[in-house]
Amino acid sequence: MAAEDKDVDAFLADCTVSGDAAYAAARAMLERLHEPATRPAARRLLGTVRRRFAADPAAGEDCFRTFHFRIHDIQLDPHIQGFQQRKKLTMMEIPSIFIPEDWSFTFYEGLNRHQDSIFRDKTVAELGCGNGWISIALAEKWSPSKVYGLDINPRAVKIAWINLYLNALDDDGLPIYDGEGKTLLDRVEFHESDLLSYCRVNNIELDRIVGCIPQILNLNPEAMSKIITENSSEEFLYSLSNYCALQGFVEDQFGLGLIARAVEEGIAVIKPSEDFQVKKIFEFLRDGFREVSSSLDLSFDDDSVADEKIPFLAYLASFLKENKSNPCEPPAGCLNFRKLVAGFMKSYHHIPLTPDNVVVFPSRAVAIENALQLFSPALAIVDEHLTRHLPKHWLTSLAIKGTADGNHAEDTVTVIEAPRQSDLLIELIRKLKPQVVVTGMAQFEAITSAAFENLLSITKDVGSRLFLDISEHLELSSLPSSNGVLKYLAGKTLPSHAAILCGLVKNQVYSDLEVAFAISEDASVYKALSQTIELLEGHTSMISQHYYGCLFHELLAFQIADRRPQQERQPAEVIPQKMIGFSNSAMSSLKAAEFFISDSSESSIIHMDLDRSFLPVPSAVNASVFESFVRQNITESETDVRSSIQQLVKESYGFPTDGCSEIIYGNTSLALFNKLVLCCIQEEGTMLFPLGTNGRYISAAKFVNANTLTIPTKFSSDFKIEPKVLADTLKNVSRPWVYISGPTINPTGFLYSDSDIRDLLSVCAEYGARVVLDTSFSGLEYQTDGWSRWNLERSLSALNFSRPSFSTVVLGELSFELTAAGHEFGFLILNDSSLIDTFYNFPSLSRPHSTLKYTFKRLLGLKNQKDEHFSNLMLEQKEELKNRANHLIKVSSYTSKLWLDVASGCGGISMLAKPSAYIGKPFKVDGFECKLDGCNIREAILRATGLCINSSSWTGIPDYCRFSLALESSEFERAVGCITRFKEFVLGCNAQAQVNGT
């Protein structure tokens with residue numbers, strides 16, 4: 001160590017004389033590094049120099065002043081996504097080289113926003129490499145085949161080589177190898193070069209050229225080559241990159257000319273290559289989707305359309321290729337989409353949101369209606385531009401009196417329209433004191449935050465909830481104009497009584513493609529909004545989220561991150577308790593219902609509690625989805641699914657339709673069902689559910705305060721409605737609506753036969769009931785021995801008597817039967833004219849986009865034409881569900897008795913089981929302690945194993961739980977393992993679980 005310290009002292013002594021002397025010492029050190037024999041010792045010496053000054057930052061600055069150089073670490077921003085290796089580089093700097101500042105870091109962050117494929121295995125040149133840190137960082141992260149760092153400053157090139165050795169070798173002088181067995185010395189070279197002259201002279205072809213080209217005093221290449229030499233003064237060399245200090249201002253007067261010359265030279269050395277996004281599209285088509293190739297049209301009259309659509313097609317190709325089954329996403333919105341929205345708000349508007357603050361809706365209209373249903377205000381003031389899609393019976397033009405005196409029906413909504421101009425609206429709020437205000441802003445008022453602050457103030461003073469719509473003012477642009485609302489949120493937390501709404505419809509390609517989101521910083525509000533969307537809509541179309549997610553992703557890739565720390569926001573004011581809370585019916589439903597549980601940071605949840613299929617998506621489905629977006633100028637007839645659905649219900653259920661039948665489409669069958677519930681409420685009817693109905697449907701009906709009644713069922717009759725019991729129930733009900741899930745009953749999996757449904761329709765006709773036949777979970781029957789297929793036309797025509805109020809509604813969902821997991825498409829068939837009129841009083845229905853109509857028309861064509869390949873795929877899925885049901889029955893046995901009494905169904909995606917052996921057993925895990933029953937077993941299994949099922953609270957049948965079978969194959973195996981493990985926890989030697997982790 002003494003000899004090494006002596007060498008360090010000698011090196012530092014040489015550097016003390018002057019900057020030129022320090023450079024000479026560094027150049028001599030580089031010569032030793034270039035020689036393999038002396039390389040390790042030279043690298044060890046530099047490591048010792050670095051450590052001598054590393055402990056004290058002030059000492060590092062002193063080193064620069066005293067010894068005319070410094071060696072220190074450059075921290076690579078740890079938040080940059082995808083950086084999986086080192087987080088810092090060790091770099092030498094000397095005065096004659098421009099020291100890396102914020103602009104070079106932002107340039108590197110911009111590079112980081114590109115996908116890995118843009119640099120991996122490519123030949124890259126960096127113009128104006130300086131001390132080489134970006135070239136080295138680029139090689140470290142992306143493993144290109146070669147990076148050429150080029151700089152006109154000869155001293156910069158020498159120091160860049162030293163920095164390469166500093167990072168390619170460790171402090172012992174040994175090579176640092178990457179995953180491919182290469183070092184940075186294999187990947188990086190530095191050369192003195194006026195722009196790309198080195199590559200041109202040496203006939204080097206490049207895949208990529210990058211460069212944060214420095215400002216320069218003289219852009220004449222001949223003049224520069226004569227005046228720049230290695231012996232030029234360090235002041236002159238430094239000025240090459242810092243001319244703005246000489247001019248006294250920052251604007252780059254000469255940079256554009258230099259960039260133009262770089263582009264011109266780049267054309268000569270760049271390799272011909274196809275756009276990587278187009279390449280992804282063609283790779284997808286080549287790998288099993290050649291039949292779509294004939295539909296591919298990437299010619300666009302408008303460049304802005306191409307700039308938007310091609311990145312999405314590339315993303316969609318990757319998504320469909322990588323996801324063999326439907327990803328499990330929260331109903332509140334795809335996590336990645338919510339991250340992108342939050343990231344956009346932070347990067348472009350400096351608002352520090354989290355994904356939890358963002359709740360996704362199918363449309364702005366749905367978001368507004370759901371919010372009003374959540375609070376059910378006695379009086380709401382709604383912007384006249386936003387009332388078009390609200391239920392018509394909510395609207396009133398009458399004078400409102402005593403809005404807070406309780407003289408209105410419980411949990412009903414009354415809406416009065418108001419002008420958008422804020423001063424008039426504020427006066428109306430002051431006089432009427434509404435409980436909820438929903439409004440947009442005029443363009444001239446949205447520029448500053450004054451109007452928004454006034455609205456916040458008046459609504460706080462009178463105790464109103466405020467939902468502000470900024471749809472018309474949020475620009476998906478890299479240069480968004482001033483937005484007063486977002487400026488306010490950059491400096492202040494959004495008060496708990498306010499939320500922001502935004503509908504996204506501004507895209508260049510699809511005028512009818514919409515998704516919306518709400519922003520709230522109050523945990524109780526955004527949680528309740530998330531649960532509301534889950535109950536009333538199910539979830540928002542993933543395709544819509546993917547499309548707008550691509551737009552946000554492109555904008556974030558373009559945006560250079562602000563390295564300045566986030567300004568501290570002022571906390572929100574405390575809101576008085578007089579503010580309206582959630583409606584009684586909403587609170588009751590939210591408390592009792594079982595909602596989606598998201599993965600934690602420590603573990604992932606296995607979901608056997610969802611009405612979704614995660615079975616493999618057939619290539620025919622992916623091909624149809626991709627073709628629907630690839631095609632241009634799709635005709636209306638190609639998206640008209642009416643005749644295909646008529647053929648489906650005729651062949652599957654024998655249901656008659658004609659020209660008078662109204663077929664309505666929805667994003668989900670759940671959204672359509674909830675509109676039917678509102679129709680029932682409008683007619684002052686009662687919705688009757690058989691015991692054992694899907695718990696989400698019952699919770700949704702109760703959420704909107706519908707009158708509900710349970711029709712008793714029993715295990716001995718497979719939890720099916722018995723005609724006599726139905727008749728006894730209907731005797732005492734006025735204006736009944738009877739809900740029947742069939743032929744496959746959800747969630748039990750049992751089947752109604754043709755004679756079963758004929759008998760039930762006869763009873764309903766006698767009592768004048770409206771019948772909702774929910775076929776959404778049918779079409780996956782796998783045990784049909786002795787079962788007779790429905791013939792509804794024959795059953796309806798055979799009715800001897802029916803009251804005028806009797807009618808039959810068919811509700812359906814195409815995704816299960818057509819194996820189109822992840823792409824839902826609900827439909828509703830109405831034959832009663834009065835019911836059709838009532839239904840259209842609720843216009844805020846989320847409808848499938850034209851691309852999904854095209855997709856499902858293609859799939860219905862394959863099914864209706866009995867395409868052999870597609871038919872075999874559907875049979876395979878039925879067989880898979882049957883095998884899983886049998887497997888679950890098999891593993892349920894425990895010694896000589898069953899620890900799960902399985903109600904073995906005949907079809908569908910789920911089955912019921914009674915955990916008989918567990919009931920009454922004591923259980924304890926991580927602070928959760930109980931005596932097990934059918935209600936708390938969901939929480940017990942989740943805490944102990946990470947498996948989520950539906951409890952008897954959801955099924956409505958005492959002690960019977962629901963298990964979904966349509967999981968991805970590895971997830972199903974994990975689920976079975978969890979069930980077995982839970983059995984061991986509870987039914988072990990001591991018949992008691994003492995679990996300290998999963």
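From a predicted model like this one, the values you see are computed outputs, not experimental measurements. Residue positions are counted from 1 within each chain, in the order its sequence is given. Confidence filtering applies because this is a predicted model: local features only for residues at pLDDT of at least 70, side-chain atom pairs given and counted only at 80 or more, and all residues used for totals across whole chains, interfaces and linings. Hydrogens and water are ignored here; the side-chain numbers use all heavy atoms of the structure.

K.L.:
Kindly report on the overall build of the chain, identifying the contributing residues and their values.
P.N.:
Helix and strand labels come from DSSP, where a helix needs a run of H or I of at least four residues and a strand needs a run of E of at least two; each type is numbered from the N terminus. Helix and strand counts for the chain come out as 37 helices and 30 strands. Put simply, the chain has 998 residues, and 57% of those count as buried. Working definition: with a 1.4 Å probe on protein chains only, accessible area under 20% of the residue-type maximum means buried, over 50% means exposed, and in between means partly exposed.

K.L.:
An account of empty space enclosed by the protein is requested, with residue identities and associated values reported.
P.N.:
Here a cavity denotes a set of grid points, spaced 1 Å apart and computed over the protein atoms alone, in which a 1.4 Å probe fits but from which it cannot get out, and a pocket denotes an open set meeting protein on both sides within 12 Å along at least five of seven lines; residues with an atom within 4 Å of a point are reported as lining. Grid points are joined across faces, edges and corners, and a volume is the space filled by probe spheres set on the points. All told, the structure shown has 12 cavities of 30 Å³ or more when counted by the stated rule. One number sums up the size of the second largest cavity: a volume of about 180 Å³. Forming the boundary of the second largest cavity are 17 residues, of which G538, D611, L670, R696 and E824 lie nearest the centre. If you list the elements that add at least two residues to the lining of the second largest cavity, you get α26 (669-682) and α27 (695-703). Taken together, the residues that form the lining of the second largest cavity break down as six nonpolar, five polar and six charged. Just so you know the grouping, Ala, Val, Leu, Ile, Met, Phe, Trp, Tyr, Cys and Pro go in nonpolar, Asp, Glu, Lys and Arg go in charged, and all remaining residues, Gly too, go in polar.

K.L.:
Describe helix α19 (residues 450-462), listing the residues and the values that go with them.
P.N.:
Two residues of an α-helix separated by three or four positions point the same way, owing to the 3.6 residues in each turn. Each helix should span, by expectation, one fewer than its residue count multiplied by 1.5 Å. A rise of 1.5 Å per residue sets the reference length of α19, with its 13 residues, at 18 Å; its end C-alpha atoms lie 19 Å apart and thus fit the reference within 8%. All of the buried residues in α19 are A451, F452, L455, L456, I458, T459, K460 and V462. Only heavy atoms enter the contact rule, under which two residues are in contact if any of them lie within 4.5 Å. Where α19 is buried, its residues touch α18 (422-432), β10 (436-439), β11 (465-469), α20 (484-491) and β12 (498-504). A positive phi of about 80° marks G463, the residue just after α19.

K.L.:
Quick one: what's the story with the nonpolar core, residue by residue and with numbers?
P.N.:
Counting 137 residues, the largest nonpolar core has F452 and F626 as its most contacted members. At 10 residues, the largest contribution of residues to this core is made by helix α15 (residues 303-322). When sequence neighbours within four positions are dropped, the list of residues in contact with F452 reads M441, L466, L468, V485, Y488, L494 and I500. We define a nonpolar core as any set of buried Ala, Val, Leu, Ile, Met, Phe, Trp, Tyr and Cys residues linked to one another through side-chain atoms lying within 4.5 Å. Core analysis: the next-biggest nonpolar cluster, separate from the first, contains 108 residues, A516, I836, L888 and F923 among them.

K.L.:
Which residues make up helix α29 (residues 754-767), and what values do they have?
P.N.:
The end-to-end C-alpha distance of α29, which contains 14 residues, comes to 20 Å, matching closely the 20 Å that a straight helix rising 1.5 Å per residue would cover. All of the buried residues along α29 are D754, I757, L760, L761, V763, C764, A765 and Y767. Among the structural elements, α28 (723-730), β18 (736-741), β19 (770-774), α30 (792-797) and β20 (807-813) are those in contact with the buried residues of α29. Following α29 by one or two positions, G768 adopts a phi angle in the positive range, close to 70°.

K.L.:
Lay out a nonpolar patch on the surface with the relevant residues and their values.
P.N.:
Patch membership is restricted to residues that have no salt bridge and whose relative accessible area is over 30%. Joining uses 9 Å for like charges and 5 Å for the nonpolar side chains Val, Leu, Ile, Met, Phe, Trp and Tyr. Only the protein chains shown count as covering a residue, and every accessible area follows the Shrake-Rupley method with a 1.4 Å probe. The term salt bridge refers to a side-chain nitrogen of Lys or Arg lying within 4 Å of a carboxyl oxygen of Asp or Glu. Residues I259, V263 and I267 make up a contiguous nonpolar surface patch of roughly 290 Å² in combined accessible area. Structurally, the position occupied by V263 is in helix α13 (residues 255-269).

K.L.:
Residues and numbers for the packing of aromatic side chains, please.
P.N.:
The aromatic pairing rule takes the rings of Phe, Tyr and Trp, using the six-membered ring of Trp, and pairs them if the centres are within 6.5 Å, calling planes under 30 degrees apart stacked, those over 60 edge-to-face and the rest tilted. Under the counting rule described, the total for this entry stands at 34 aromatic pairs. Geometrically, the ring pair formed by F923 and F982 is tilted, given 5.4 Å between the ring centres and 45° between the ring planes. Remark: F982 occurs in helix α37 (residues 969-986) and F923 occurs in strand β26 (residues 922-925); sequence separation between them is 59 residues. Per residue, the accessibility class of F923 equals that of F982, and both read buried. Members of the aromatic cluster, connected to one another through ring pairs, are F312, Y510, Y547, Y548 and F629.

K.L.:
Please set out the sheet that holds strand β5 (residues 188-192) residue by residue, giving values where relevant.
P.N.:
The strand order across the open sheet built from four strands is β5-β4-β3-β6, with neighbouring strands paired in parallel fashion. Sheet topology places β5 and β6 (208-211) at the edges, where each strand pairs with a single neighbour. With direction set aside, neighbouring strand axes in the sheet form an average angle of 20°. Relative to β6, strand β3 (residues 123-127) runs parallel, the two sharing four bridges. Within β6, the position partnered with E126 by the bridge is V210. Here helix α7 (residues 154-168) sits on the sheet in contact with β4 (146-151) and β5, set at roughly 165° to β5. Whether two strands pair comes down to DSSP finding at least two bridges between them. A fitted line through C-alpha atoms represents every axis, and for helices the fit uses only the stretch in contact; the resulting angles, taken between N-to-C directions, go from 0 to 180 degrees.

K.L.:
Lay out a negative patch on the surface in plain terms, naming residues and giving numbers.
P.N.:
By the counting rule applied here, Lys and Arg register as positive and Asp and Glu as negative, while His and the ends of each chain are not counted. A single reference atom marks each charge: NZ on Lys, CZ on Arg, CG on Asp, CD on Glu. Where like charges cluster on the molecular surface, the negative patch consists of D301, D302, D303, D307 and E554. Note on placement: D302 falls in the loop between α14 (276-286) and α15.

K.L.:
Summarise the sheet that holds strand β15 (residues 662-666); cite the residues concerned and give the values.
P.N.:
As summarised here, the arrangement of the seven strands in space is β15-β21-β20-β19-β18-β16-β17, forming an open sheet in which the pairing is mixed. What marks the edges here is a single partner per strand, and that holds for β15 and β17 (707-711). Each adjacent strand pair in this sheet contributes to an overall mean axis angle of 20°, direction not counted. As paired strands, strand β16 (residues 686-690) and β18 are joined by three bridges and run parallel to one another. Bridge pairing in β18 places M687 opposite W737. On top of the sheet, helix α25 (residues 642-653) reaches β15 and β21 (826-830); it is set at about 75° to β21, its chief contact.

K.L.:
Which residues make up the pattern of salt bridges, and what are the values?
P.N.:
Counted according to the given criterion, the structure contains 39 salt bridges. One salt bridge in this structure joins D73 and K88, with 3.4 Å as the shortest N-O distance. You can see D73 sitting in strand β1 (residues 70-75) and its partner K88 sitting in strand β2 (residues 88-93), a full 15 residues away along the chain. Its salt-bridge partner being R420, residue E472 comes within 3.3 Å of it at the nearest N-O pair.

K.L.:
Explain unusual backbone geometry to me, and be specific about the residues and the numbers.
P.N.:
In this model, G742 is joined to P743 through a cis peptide bond whose omega is 0°. Locating P743 in the fold gives a position in the loop between β18 and α29. A cis amide bond links N746 with the next residue in sequence, P747, at an omega value of 20°. With respect to the helices and strands, P747 occurs in the loop between β18 and α29.

K.L.:
Would you mind going over the state of the cysteines in detail, with residue names and values included?
P.N.:
Cysteine sulfur atoms that come within 2.5 Å of each other are treated as a disulfide pair. Summed over the entire model, instances satisfying the criterion amount to zero disulfides. C328 carries a free sulfur, and the closest cysteine sulfur to it, the one in C948, is 9.8 Å from it. Classification of C328 as partly exposed rests on a relative accessible area of 34%.

K.L.:
An account of the side chain of D151 is requested, with residue identities and associated values reported.
P.N.:
Within the secondary structure layout, D151 lies in strand β4. Comment: no salt bridge for buried D151; closest opposite-charge side chain is R155, at 11 Å. Here N153 takes part through its backbone nitrogen, which lies 2.8 Å from a polar atom of the side chain of D151. Beyond its immediate sequence surroundings of up to four residues, D151 is in contact with G128, C129, G130, A156, V157, H191, E192 and S193. N or O atoms within 3.5 Å of each other form a polar contact, as long as, within protein, one can give a hydrogen and the other can take it, and as long as residues adjacent in sequence are counted only when both atoms are side-chain atoms.

K.L.:
Before we move on, could you go through the pairing of strand β8 (residues 380-383) and cite the residues and values that matter?
P.N.:
Alternating positions in β8 separate into two faces, A380 and V382 on one and I381 and D383 on the other, with burial throughout. Of the strand pairs in this sheet, β8 and β10 are connected by three bridges, and their pairing is parallel. Directly across from I381, in β10, lies its bridge partner V437.

K.L.:
Can you tell me about the pairing of strand β13 (residues 515-519), naming the residues and giving the values?
P.N.:
Burial of β13 is extensive: five of the five residues sit out of reach of the surface. Where burial is concerned, the two faces of β13 agree: the one with V515, F517 and I519 and the one with A516 and A518 are both buried. The pairing of strand β7 (residues 358-361) with β13 spans four bridges and is antiparallel. The residue of β13 that forms the bridge with V359 is A518. Pairing between β12 and β13: five bridges, direction antiparallel. Looking at β13, one finds that L504 is bridged to V515.

K.L.:
I'd like a description of the layout of surface pockets, backed by residues and values.
P.N.:
Estimated volume of the second largest pocket: approximately 740 Å³. Along the walls of the second largest pocket sit 36 residues, with S363, H389, D512, E514 and L845 positioned nearest its centre. Among the elements of the structure, α17 (364-375), β12, α22 (542-558) and α33 (850-864) are those that each provide at least two residues to the lining of the second largest pocket. The residue inventory of the lining of the second largest pocket, partitioned by class, reads 14 nonpolar, 14 polar and eight charged.

K.L.:
A description of the packing of helix α2 (residues 19-34) against helix α3 (residues 39-54) should follow, citing residues and the corresponding values.
P.N.:
One can describe the packing of α2 onto α3 by two numbers: an axis separation of 7 Å at closest approach and a directional angle of 135°. If you check the angle between α2 and α3, you find them oblique. Seen along the crossing, α2 lies across α3 with a hand that is left-handed. Here M29, R32, L33 and H34 of α2 lie close against α3, whose contacting residues are R39, A41, A42, R43, L45 and L46. Considering only residue class, the contact of α2 with α3 consists of six nonpolar, one polar and three charged. Roughly parallel here means an angle under 35 degrees, roughly antiparallel means over 145, roughly perpendicular means 65 to 115, and every remaining angle is called oblique. Crossings are classed by handedness, with left-handed meaning an anticlockwise turn of the near helix from the far one by less than a right angle and right-handed meaning a clockwise turn.

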